[in-house]
Amino acid sequence: MADMEALKQESRIFNPSAELASQAAISGMDAYRALCDEAERDYEGFWGRLARENLSWQQPFTQVLDESDAPFYKWFGDGKLNVSYNCLDRNLENGNADKTAVIFEADGGEVTRLTYRELHGRVCQFANGLKSLGIRKGDRVVIYMPMSIEGVVAMQACARIGATHSVVFGGFSAKSLQERIIDAGAVAVITADEQVRGGKQLPLKAIVDDAFALGGCEAVRNVVVYQRTKGKIGWTEGRDLWMHELVAQQQDSCEPEWVESEHPLFILYTSGSTGTPKGVQHSSAGYLLWAALTMKWTFDIKPQDVFWCTADIGWVTGHSYITYGPLAVGATEIIFEGVPTFPNAGRFWDMIARHKVSIFYTAPTAIRSLIKAADADPAVHPDRYDLSSLRLLGSVGEPINPEAWMWYYKNVGHEKCPIVDTFWQTETGGHMITPLPGATPMVPGSCTLPLPGIMAAIVDETGQDLPNGQGGILVVKRPWPSMIRTIWNDPARFRKSYFPEELGGKTYLAGDGAIRNKDNGYFTITGRIDDVLNVSGHRMGTMEIESALVAHPLVAEAAVVGKPDETTGESICAFVVLKRPRPVGDEAKQIAKELRDWVGKEIGPIAKPKELRFGDNLPKTRSGKIMRRLLRVLAKGEEITQDVSTLENPAILDQLKHAI
Ligand code: WTA
């Protein structure tokens, strides 16, 4: 995690180049303010104009915003459209048919290009295939796929027929997958035989089979398998189908299913502070509007750009800035199967040079690990590659510390590329607070100012506005088109998590703390205010990891906290009490390994605690509450200076001081 004090005092300012500014979609701060003013003056008029200008409607809307059932807001309610039509057909009609839509680079380096016409054909064929299986508008389809053209095709095909997809990141375990299949009520699962990452073949279909073996997935009629590696897999006759066989006889045109604006385009599960992951439900029209518009505003996308977002389609960044946004604006984009460190840590730079990438969007964790790699081995330093095609850089998913920002700015952008540090969330659908490349003077580590129409503010626990310079809770005061619509199957939890009564019931609670700079009002995100961890930009609930740990037969109690980490931002530190005496030495090491693997199986490798500490007990108050605050101090390796007189068992702190 970035050093907060250093961040608040950061005062270096970098102005966008005059050349970029003069041609940008939002050119200069006056243009930015004019849009903000337009939204202030006539909120519905502003969004209505943008929705008419940026989307193609089968049936135009007459109502912009319906607040009658707040916080269940409806946008463009009586309009109809199709998301896949907007991403594909529209490009065939406006002269982009033969433009490259996707440049796919496989882990091993093979490159495949598809034009908009070809991509349209592939999506239509697969959409027809899904229809032939009886999948209809409103059905849910779980997608558990590698980074691939086929993954994007699967998502777009669902959108085309009005099926609601729920993509599960390929790193999640069988159990996580099973829980999501059940909660979503999926009728089909789309997967691949295996995925290839960093030269290794990793199972996907076998994990789907394991998920079914856990039970409860009976609503799934079919599993469609994309053949990636031809590795050996299990097969259930009557249920399992090969993707290539399913599409072989299908026509390459498919009339889109016109859906209402509010029709759920997708559900994406994400972690909260309590309980099981939440199925964040997004709309069709409002979501797509913002995915497209932020491509124009934040990324200043131009026809000749080559856009590369390195996220996985299993996360919201991949949804908005791989599957939907770039195609909705007719861009050429890169889809990369592999990892940044294979065959070596110069892979990103090499790909930027070979594909002449002009806009590059990645996560601070990746940048920090590549800084380390470049320090250790000059051969993979960005200096060794021709990065002259770059004109804009982006950062997403976690706070970027000023040192990493400066390195990115100098060594990758050669001090000519603005960096858009985009703050947003699974729930927000697209960017919320970010610099505009042709307008906003940038300050390293600050996401600067809200996009026009986004009424972000900082308040205290009672919802009162706080003055600049005073840290508080980040909220959004008015609904916006791409916002979460509800939590799938749990509207009460939606209300409680995002529109709590304490804030009046109509203010969106982001779950992050923030502070605005005294002089310029710039926002800096100070981190989550709930029990959500951010490890390498992946969101995880401490409760989920604790539940996984206590499900192990040896574990009596567990408490999980985040620990600042130089590379991954935060890392997972677990304090564990066993049902048997506290282990030491080799036994402790062996049990720690067993528990880490267990968590990997329960949730996925990304949730494995980096560090485990065993105690006879956990620090508790007399009423039995675990003092996580103290555990955070211990995890950091710092001395406890707080008053511990309310603790029932202060002696336990000594035991938990050291990692094994
Ligand atoms: C954090 C990812 C600081 C934040 C798009 C948020 C950030 C959570 C930034 C959402 C940023 C995301 N600066 N923090 N630019 N971007 N975050 O849902 O804590 O996976 O609440 O969405 O990541 O993570 P999610």
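1. Structural notes on the packing of aromatic side chains
Taken as a whole, this structure holds 40 aromatic pairs when the rule is applied. Their ring planes at 90° and their centres at 6.1 Å tell us that F169 and F172 sit as a pair that is edge-to-face. Looking at F169, the relative accessible area reads 11%, which means it is buried. The interplanar angle of 85° and the centroid separation of 5.9 Å between the aromatic rings of W308 and F336 together place this pair among those described as edge-to-face. In this pair, W308 sits in strand β16 (residues 306-309) while F336 sits in strand β17 (residues 332-336), placing the two residues 28 residues apart along the sequence. Considered together, W308 and F336 belong to a single accessibility category, that of buried residues. Chaining the aromatic ring pairs together yields one cluster made of Y43, F46, W47, W57, F61, W75, F76, W290 and W297. The ring centre of F212 lies 4.3 Å from the NZ or CZ of R239, which sits over that ring.

2. Points about the sheet that holds strand β5 (residues 111-115)
The strand order across the open sheet formed by 7 strands is β5-β4-β17-β16-β18-β19-β20, and the pairing between neighbours is mixed. The sheet is open, and its two edges are formed by β5 and β20 (419-422), each paired on a single side. On average, adjacent strands in this sheet sit at an angle of 20° to one another, irrespective of strand direction. With 4 bridges joining them, strand β4 (residues 100-105) and β17 adopt parallel strand pairing.

3. Comments concerning the pairing of strand β8 (residues 188-192)
Of all 5 residues in β8, 5 are buried, a share of seventy percent or more. Residues A188, I190 and A192 point to one face of β8 and V189 and T191 to the other, with burial holding for every one of them. As defined by bridge partners, strand β6 (residues 140-144) adjoins β8 across 4 bridges and the pair is classed as parallel. Looking at β8, one finds that Y144 is bridged to T191. Of the strand pairs in this sheet, β8 and strand β11 (residues 222-226) are connected by 5 bridges, and their pairing is parallel. Residue A192 lies in a different strand from β11, and its bridge partner there is Y226.

4. Side note on the sheet that holds strand β21 (residues 456-459)
Across the sheet, which stays open at both edges, the 4 strands sit in the order β21-β22-β24-β25 with antiparallel pairing between neighbours. A strand with exactly one partner marks an edge of an open sheet, and here the two such strands are β21 and β25 (523-528). Sheet twist, expressed as the mean angle between neighbouring strand axes with direction ignored, is 45°. Pairing between strand β24 (residues 508-516) and β25: 5 bridges, direction antiparallel.

5. Some thoughts on helix α12 (residues 316-328)
In terms of burial, α12 is largely enclosed, as 13 of its 13 residues are buried. Downstream of α12 by a residue or two, G330 has a phi angle that is positive, lying close to 70°.

6. A short note on the site of the ligand
Around the ligand, the structure places 17 residues, and the nearest of them are D421, T426, D512, R528 and R539. Backbone polar atom of E398 to a nitrogen atom of the ligand: 3.5 Å apart, as the coordinates give it. One of the side-chain nitrogen or oxygen atoms of R528 is found 2.8 Å away from an oxygen atom of the ligand. Taken together, the elements giving at least two residues each to the shell around the ligand come down to α12, β20 and β25.

7. Digging into the packing of helix α5 (residues 83-93) against helix α6 (residues 116-132)
As a packed pair, α5 and α6 sit with axes 9 Å apart at the nearest point and diverge in direction by 135°. On the basis of their axis angle, the class for α5 and α6 is oblique. The handedness of the crossing between α5 and α6 comes out as left-handed. Together, S84, C87, L88, D89, N91 and L92 of α5 and Y116, R117, L119, H120 and V123 of α6 make up the contact between the two elements.

8. Observations concerning the pattern of salt bridges
Under the defined criterion, the tally for this structure stands at 38 salt bridges. In this structure, R632 engages D531 in a salt bridge whose closest nitrogen and oxygen atoms are separated by 3.9 Å. Taken together, the positions of R632 in helix α19 (residues 628-636) and D531 in the loop between β25 and β26 (532-535) put the pair 101 residues apart, joining distant regions of the chain. When salt bridges that share partners are traced, they join E105, R347, D350 and R354 into one network.

Cut-offs and rules
- Residues numbered from 1 in each chain as written.
- Predicted model: local features only at pLDDT ≥ 70, side-chain atom pairs only at ≥ 80, totals over all residues.
- Heavy atoms only, no water.
- Phe/Tyr/Trp six-rings, centres within 6.5 Å; stacked < 30°, edge-to-face > 60°.
- Buried < 20%, exposed > 50% of the residue type's maximum accessible area, 1.4 Å probe, protein only.
- Helix = DSSP H or I, 4+ residues; strand = E, 2+ residues; numbered from the N terminus.
- Lys NZ or Arg CZ within 6 Å of the ring centre and 35° of its normal.
- Pairing = 2+ DSSP bridges.
- Axes fitted to C-alpha atoms, helices over the stretch in contact; angles between N-to-C directions.
- Near = heavy atom within 4 Å.
- Polar contact = N/O pair within 3.5 Å; in protein donor to acceptor, adjacent residues only side chain to side chain.
- Parallel < 35°, antiparallel > 145°, perpendicular 65-115°, else oblique.
- Left-handed = near helix turned anticlockwise from the far one by under 90°.
- Contact = heavy atoms within 4.5 Å.
- Salt bridge = Lys/Arg side-chain N within 4 Å of Asp/Glu carboxyl O.

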